[in-house]
Structures are given as C-alpha cells and as structure tokens.
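These are the residues of each chain, in order.
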Amino acid sequence: MADVIASPAVHTADHGHHPDYLEDPAFKGIWSWMTTIDHKRLGVMYLWAVLLAFFVGGLFALLIRLELMHPGEDFMTAEQYNQAFTLHGAIMVFLFIIPSIPAALGNFMLPLMLGAKDVAFPRLNLASFWIYICGAVMAVTSILVGGVDTGWTFYTPYSTTTGGAVTMMTMSVFVLGFSSIFTGINFIATVHKLRAPGMGWFQLPLFVWGIYATAIIQVLATPVLGITMVLLIMERAFNIGIFDAQIGGDPVLFQHFFWFYSHPAVYIMILPGMAIISEVIPTFSRRTIFGYRLIALSSVAIALIGFIVWGHHMFTSGESALAAGIFSFLTFLVAIPSGIKVFNWLATMYKSSISLATPMLYALSFLMLFGIGGLTGIFLGALSVDIHLHDTYFVVAHFHYVMMGGTVIAFLAGLHYWWPKMFGRMYNETVGRIACGLVFVGFNMTFLTQFFMGSQGMPRRYYTYLDQFQPLHAFSTYGSWVLGAGLMIAAVNLMSALRGPKNAPENPWGGTTLEWQTQSPPITHNFIGQPAIEHNPYDYRNFKIPTDAV
Ligand code: HEM
Ligand SMILES: [Cu+2]
C-alpha cells in the first residue's frame, strides 16, 4: 500500500462552528429542500422515502404472516393474498432495498469519504430523486387502482393476461430504473473525478469500493429491466406476440430477460450492505482491516460474476441440462469472493478488543445471518437439490436471510454508525442494543422455521397449506411480531434522538475515514479547504483515536 501523504489536517473544529447543512440560513424553507442539490440533503430525503417504503412493505409482510397463521382464508381471499405478497415483494425490492443504501447512505457519505464537496452531477442527483418519487407514486397508484397479483417477478403468460394494474406497476418499475441508472452514473463519475489529492484507488474506503461496484451493475443491468418492462407493457397493450406461445412467442424468454437483470440486482442489494460491514468492523475492533485489497477487488468480482448466473432461477423451467449445469457451476463461483469478505472480516476481529456498540452488534448479526443466507444459496445452486426446493419456503427463507438478514441488518448497522454524523445527535445505546436483540431473535423465529417447512415441501405463494405446517407457520408469525417490535423500537430510538440537542462529537466511534474529519452534522460544503489524506483507511497503527470517542 502506497505511503501516506502527510499535510496539516483541516478539521473544521479548528475554524470555529459553522452552520451545518440542516440549519444553514442560506438554505431555509421547504422549497430549499425540494430543489436542493446538496448530496447530504438528498441523502436524507431518500432516507425518509425508503423508510416509508420499508414501513409499507413491512405492513404487507405482517398481513401475509397473519393470514398464514392458519390454513384457509382467515381475513384475506386467495386473490387478496396474491396481491399482498406481490405488493410486499415489489415495494420491498424496487422502492426500499435497491435505493436504501446507495441512494440514501451512499449519497450522504460518498463525497464526504472522498474529501469532495458534492457528487459529480448535483442536478442529475436532484432529478434522480424526483424520478424515484414519480415511480413511487405510480407504484402506490397501482395499488389503489386494482392492485397486482402476479408476484414481484411479473412472469408471463399470467402477467399478460390477468387484470389489475399490471401496466401501471411495470411502468413504475420502468421509471424507477432511471433513478437507479442516473445515480449509478453520478457515483462512478464522482469516484473517478472527485477523490482528494493523494487518494489513490487503494486508499479508497471500502464503502466507496462497494458503492462503485454497485453503480457498475446499476448502469449495465438496469436498462435490461427497462426493456423487459416495455416489452411486457407492449404485449399487454398490443399482443405483439414476443411472449405469447400461440403466436410464435416464448413465455420463458421473459424469465431470461427478467433474471438477467434481477440476479445482478441482488448484488445491487447486498454489495452496499457488505460495504457498510467493511466500515463498521475495523472501527469497533480498532484494527487495520485484514486483506484490504482482496476485499476491495472482491466487490468488483462479485459485480462481474453476478452477470453470468441468472439461469439458476430457471432450473425447473425446461432449461437444457447443459445450460443448467453451467449456471450451477458459475453460481458456486460467486461464493468465492463472498467467502473472502467473510473470512477477512473475521480475521480483522481475531484477537482484537471489540467494542459492542449498537452498530457492531448489527454487524455481528449480519455475519451470522448473511452466512446462513449465503450457504443456503449454495444448496439452491446445486441442481438436484434445487429441483426439490424450487418455489418452496426454503427459497423464501434463503432470500430473506440474504435480503433482510443481510442488507437490512447492514443498513441498520450503517444507520446507527452514521446517525451521529448525519444528524449531530447520539441515540440511546441501551435501547439500541435491546432493539438489535429483538430484531435478531424475531428474524430467526420468522425465517429459520421456513427452511424446515420448505424442505418438507411447503410451497411459496399459497394462502393455504396442509395442517402439518400450521405450528411452524404460527411460530413464524409470532416471530414476525417480535421482529416488527424490534424494528419499531429501533426507529423510535433514532427518531427521538432528533428532538435532543446536537451532542455528537466529530468522531464518536474513532473511525479513520474522512467523514469523521467533519463537523457532526457536516457544514453545507462538507470541509473548509481541501481535506488531506493523513493515513490509509482503517490504519490504526498511524491513527490517533480521539479522546471523546466512545
Ligand atoms: C420485515 C420482515 C419481513 C417479513 C415478515 C416477510 C415475509 C414474507 C413472506 C411470508 C413471504 C412469502 C409469501 C408467499 O410466498 O406466500 C415474503 C415474500 C417476499 N418477500 Fe418478504 N418479508 C419481510 C421482509 C422482506 C424484505 C426486507 C424484503 C426485501 C427484499 C422482502 C422481499 C420479499 C419478496 C421479493 C418476496 C416474494 C414475493 C413474491 O412471491 O412475489 N421481504 N415475505
Ligand atoms: Cu439468482
């Protein structure tokens, strides 16, 4: 790793207190927020929007779980149940999890970590936000004008023949895609062009590498989803026949198009989560990260290999044995760069004095839950096993362990890690830890049971089931209540801190990356003068931990 460039730090404290981005008199009033080109304000606006989407998606999840408490119709008809899981999945994927870390936390932290005043294209950043809002309004409208019952995957031929607001929902997915693409373009240009002097690629914080790899997928894969949605809308409107077998089309072709985007898309969801864990673990282990370069490059490796495994979603769709064999082999390959990250995180903690603050508790939860999610992915990548488990609750449990147990838990780690920096307030640590415990226990109650049900043949997307599954379904539902309670307590704890005084120090956790060299919350233009690279990221041998760090 190249030597550090020594020059005087430009800690804002040296220059007295300056108005922060939240209270800057130059930017007062709701209009200044709606037209802001400040990456920090846009990050915060995305944060509230994705948290609202998570809340709505979570409500649908609790309704699904409540209906599944007993076999047969409890308070939903079969049709309503189909709509509920479709909306749960679509909202959670397109409105919450894809923008959650890159557009909210990434937008706020990326320029700060690079020592820049903003992203490369601030106006495009503002436009991306409003395109996201337009897409969200269209998605919500589709709920109100008939709903969608196709599943979040919109498979043909059902999606081209069923009623409801499929066209409106797929239009909203098409629109949301542009917000994702533009954000990706913005972040790639920012990392290439706005790094502080002396910050080479291997001086970048690992969060930046994760967001950069994610941006590559956002720009390359999302257009494929856009084209797929347009073809589906054309098929519904004009029966052009591309997915209609009766007139020479192929309904399975839709699955290839859809998963060519949606498998890389799962890395748009998990890579930013992994990137947060690479920030939190060295900080609370007070230890230089193990294998910095391998972690950095494994993010890019995951992004690239992720483009060549989509066929593992179609092992039971009549795919040729050769194609299935190749996709199965390539799927195992993805486990290698993911394994490198997990190994290096564990090696970083080995024999270090770990501080169990809330962000670190979530990071440790991530390691366990993502571990289970990743390993069960290997089960599903094995042909003979997947033939048995495809479309069962084993698959539902697997992707919730990766999406919820992985990304959402990492999102919570990042939120608690950067909350003092974003809003200048510390939250109640004890309540934070209790909420984390409830989330961990509730999550495993909800989803661990689903592995057992799935391996015994419980199909997904059914509102009713054989009596033998009732005890496990009931336990899973109780778990979703504990999980919901934990998430609620975490949210109230963070929000109530906003009513308190700005008591957070510049660097409450003793982090080494540049965002901790700014005021809490940061000033409008982030730094006074050009911040300097004083040491490499996570280099605790050359870093003096501030006295007021917890
Ligand atoms: C908050 C706790 C959550 C609970 C209790 C929950 C529960 C469920 C359940 C029970 C199903 C299966 C429905 C069925 O197949 O009949 C499901 C499906 C799904 N969930 Fe979740 N979920 C949660 C969070 C999430 C999150 C954070 C994501 C983010 C990606 C997500 C994405 C999905 C997707 C994509 C489906 C498939 C929907 C479909 O089959 O079309 N869920 N969820
Ligand atoms: Cu996949």
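Structure shown above.
Engineer: Outline the coordination of the copper ion (ligand 2), listing residues and values.
Structural biologist: Within the protein, His263 (ND1), His312 (NE2) and His313 (NE2) serve as the donor atoms for the copper ion (ligand 2), at 1.8 to 2.0 Å. In primary-sequence terms, the residues that donate to the copper ion (ligand 2) follow H-x48-H-H. Of the two residues, His263 is situated in helix 8 (residues 251-285) and His313 in the loop between helix 9 (292-305) and helix 10 (321-349); the sequence distance between them amounts to 50 residues. For His263, a relative accessible area of 6% gives the class buried.

Engineer: Give me the lowdown on the coordination of the iron atom of ligand 1, citing residues and values where you can.
Structural biologist: Within the first shell, the iron atom of ligand 1 binds the protein through His88 (NE2) and His400 (NE2), at distances of 2.0 Å. Because the angles between the six donor atoms bound to the iron atom of ligand 1 fall within 88 to 179°, the donor set is best described as octahedral. One end of the pair, His88, is in helix 3 (residues 78-114); the other, His400, is in helix 13 (residues 393-423), and 312 residues separate them in sequence.

Engineer: Give a detailed account of the packing of aromatic side chains, specifying residues and quantitative values.
Structural biologist: Within this structure, the stated rule accounts for 42 aromatic pairs. Ring centres of Trp48 and Phe423 lie 5.8 Å apart, and the angle between their planes is 15°; on these two criteria the pair is classed as stacked. With Trp48 in helix 2 (residues 39-67) and Phe423 in helix 13, the pair connects residues that are 375 residues apart, well separated along the chain. Accessibility expressed as a relative area gives 34% for Trp48, which makes it partly exposed. We classify Phe423 as buried; its relative accessible area is 4%. Feature note: the residues Phe94, Trp152, Tyr155, Phe243, Phe254, Phe257, Phe258 and Trp259 constitute an aromatic cluster, connected by ring pairs. The ring of Phe202 carries the charged tip of Arg293 above its face, separated from the ring centre by 4.0 Å.

Definitions and limits used
- Residues numbered from 1 in each chain as written.
- Chains lettered and ligands numbered in written order.
- Predicted model: local features only at pLDDT ≥ 70, side-chain atom pairs only at ≥ 80, totals over all residues.
- Heavy atoms only, no water.
- Donors = N, O, S within 2.8 Å, 3.2 Å for Na, K, Ca; no water.
- Helix = DSSP H or I, 4+ residues; strand = E, 2+ residues; numbered from the N terminus.
- Buried < 20%, exposed > 50% of the residue type's maximum accessible area, 1.4 Å probe, protein only.
- Tetrahedral: all angles 85-135°; square planar, octahedral: opposite > 155°, others 65-115°.
- Phe/Tyr/Trp six-rings, centres within 6.5 Å; stacked < 30°, edge-to-face > 60°.
- Lys NZ or Arg CZ within 6 Å of the ring centre and 35° of its normal.

From the geometry alone we can't say anything about function, so treat these as descriptive.
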